[in-house]
Amino acid sequence: AVAATMLGAASAACPNVNFVDSFTSLPEHPVVPNTTLPQGMTPTASPGNPITQNHWSETAQLLRPTFKNMTDPNPAQTACPHTQSGLLNWHNPATWGGAVPVASADVTIPSNSKVLVSSCSVSASDVFGKIVIPQGSELIFADAAISFAATGFVVDGALRLGSQTCRLRNRISITLHGSRGAQTLPADPWVKGIHVN
């Protein structure tokens, strides 16, 4: 009862669903910088797929979703992971045993729990260290405009952003930070990546 009360109170201040049509700002074609690639490994633009150059990091933006093969571009959402009961809010200190994770910290999702990241859970300027999702645990993103940054993820449990019956309507940005030059090879598979075991 206590957890349900906390979730209800937090949801009023930090909605799990807050639709904003943010897809209009996504590119129509893949955008891949080339200045950090080794000599001879420069990608070439193909007709209709422009390349962004002179960028400081290994960054790629995915395609804007297309709806041409769908009968309904805005289907009803059912069985959404972010609306299920029993979720623990990332921004609630009780989820973490007293203190919400701070920027640059490595974060392990509590055992056998489902933690919800909402629009007010993290600041867009926060960059966390390694995010570990243990077996039996889940990290779930709400259907809201969210920017989440970390150096990498280790997923033994589940990382959920919508589902087959719950297509999200908001832009969720997950940015992976780090420098290839700063890594000792062979690098851990989670470094600047999402490693699923």
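To keep things clear, this report deals only with the structure shown in the data block. Because the structure is a prediction, the values reported are computed rather than measured. (Residues numbered from 1 in each chain as written. Predicted model: local features only at pLDDT ≥ 70, side-chain atom pairs only at ≥ 80, totals over all residues. Heavy atoms only, no water.)

**Topic: the state of the cysteines**
Then, in step 1: Taken as a whole and judged by the stated rule, the model has one disulfide.
Then, in step 2: The disulfide that involves cysteine 80 links it to cysteine 166, with 2.0 Å between the sulfurs. Disulfide cysteine 80-cysteine 166: torsion about the S-S bond near 95°, hence right-handed. Placement of cysteine 80 in the loop between α1 (2-13) and β1 (88-89) and of cysteine 166 in the loop between β7 (158-160) and β8 (172-176) is noted, with a sequence separation of 86 residues between them. When sorted by exposure, cysteine 80 lands in the same class as cysteine 166, which is buried. (Disulfide = S-S within 2.5 Å. Helix = DSSP H or I, 4+ residues; strand = E, 2+ residues; numbered from the N terminus. Buried < 20%, exposed > 50% of the residue type's maximum accessible area, 1.4 Å probe, protein only.)

**As for the packing of aromatic side chains**
Then, in step 1: With the rule as written, the count across this model stands at six aromatic pairs.
Then, in step 2: Geometrically, the ring pair formed by tryptophan 90 and phenylalanine 128 is edge-to-face, given 5.4 Å between the ring centres and 70° between the ring planes. In this pair, tryptophan 90 is assigned in the loop between β1 and β2 (107-108) and phenylalanine 128 in strand β4 (residues 128-133), connecting sequence segments 38 residues apart. Phenylalanine 128 carries the same exposure label as tryptophan 90, and that label is buried.
Then, in step 3: Judged by centre distance (5.6 Å) and plane angle (85°), the rings of phenylalanine 141 and phenylalanine 148 are edge-to-face. (Phe/Tyr/Trp six-rings, centres within 6.5 Å; stacked < 30°, edge-to-face > 60°.)

**Brief notes about the pattern of salt bridges**
Then, in step 1: Across all of its chains, the model carries one salt bridge by this definition.
Then, in step 2: Taking the shortest distance from any N to any O, the salt bridge between glutamate 138 and arginine 160 comes out at 2.9 Å. Of this pair, glutamate 138 sits in strand β5 (residues 138-141) while arginine 160 sits in strand β7, and the two are 22 residues apart along the sequence.
Then, in step 3: Using a relative accessible area of 13% as the deciding quantity, one classes glutamate 138 as buried.
Then, in step 4: Residue classification places arginine 160 among the partly exposed positions, given a relative accessible area of 35%. (Salt bridge = Lys/Arg side-chain N within 4 Å of Asp/Glu carboxyl O.)

**Observations concerning the nonpolar core**
Then, in step 1: One finds Trp90, Phe128, Ile131, Leu139 and Phe148 to be the most contacted residues of the largest nonpolar core, which totals 26 residues.
Then, in step 2: Looking at this core, the elements that each hand over two or more residues are β3 (114-117), β4, β5 and β6 (146-155).
Then, in step 3: If you tally residues by element for this core, the top one is β6, at five residues. (Core = buried A, V, L, I, M, F, W, Y, C linked by side-chain atoms within 4.5 Å.)

**Looking at the sheet that holds β5**
Then, in step 1: Across the sheet, which stays open at both edges, the four strands sit in the order β1-β3-β5-β7 with parallel pairing between neighbours. In this open sheet, the two edge strands, each paired with only one partner strand, are β1 and β7.
Then, in step 2: Bridge count for β1 against β3 is two bridges, and the pairing is parallel. Its bridge partner being in β3, leucine 88 is matched across the sheet by valine 115. (Pairing = 2+ DSSP bridges.)

**Some remarks on the pairing of β4**
Then, in step 1: The buried fraction of β4 amounts to five of the six residues, a majority that puts the element mostly inside the structure.
Then, in step 2: With two bridges connecting them, β2 and β4 associate as parallel partners. For valine 107, the partnering residue across the bridge sits in β4 and is isoleucine 131.

**Digging into the environment of isoleucine 109**
Then, in step 1: Within the element layout of this structure, isoleucine 109 appears in the loop between β2 and β3.
Then, in step 2: In this structure, the C-alpha to C-alpha distance between isoleucine 109 and glutamate 138, residues 29 residues apart in sequence, is 7.6 Å.
Then, in step 3: Sequence-distant contacts of isoleucine 109, that is, excluding residues within four places in its chain, are made with Trp90, Trp96, Val115, Val132, Ile133, Pro134, Ser137, Glu138 and Leu139. (Contact = heavy atoms within 4.5 Å.)

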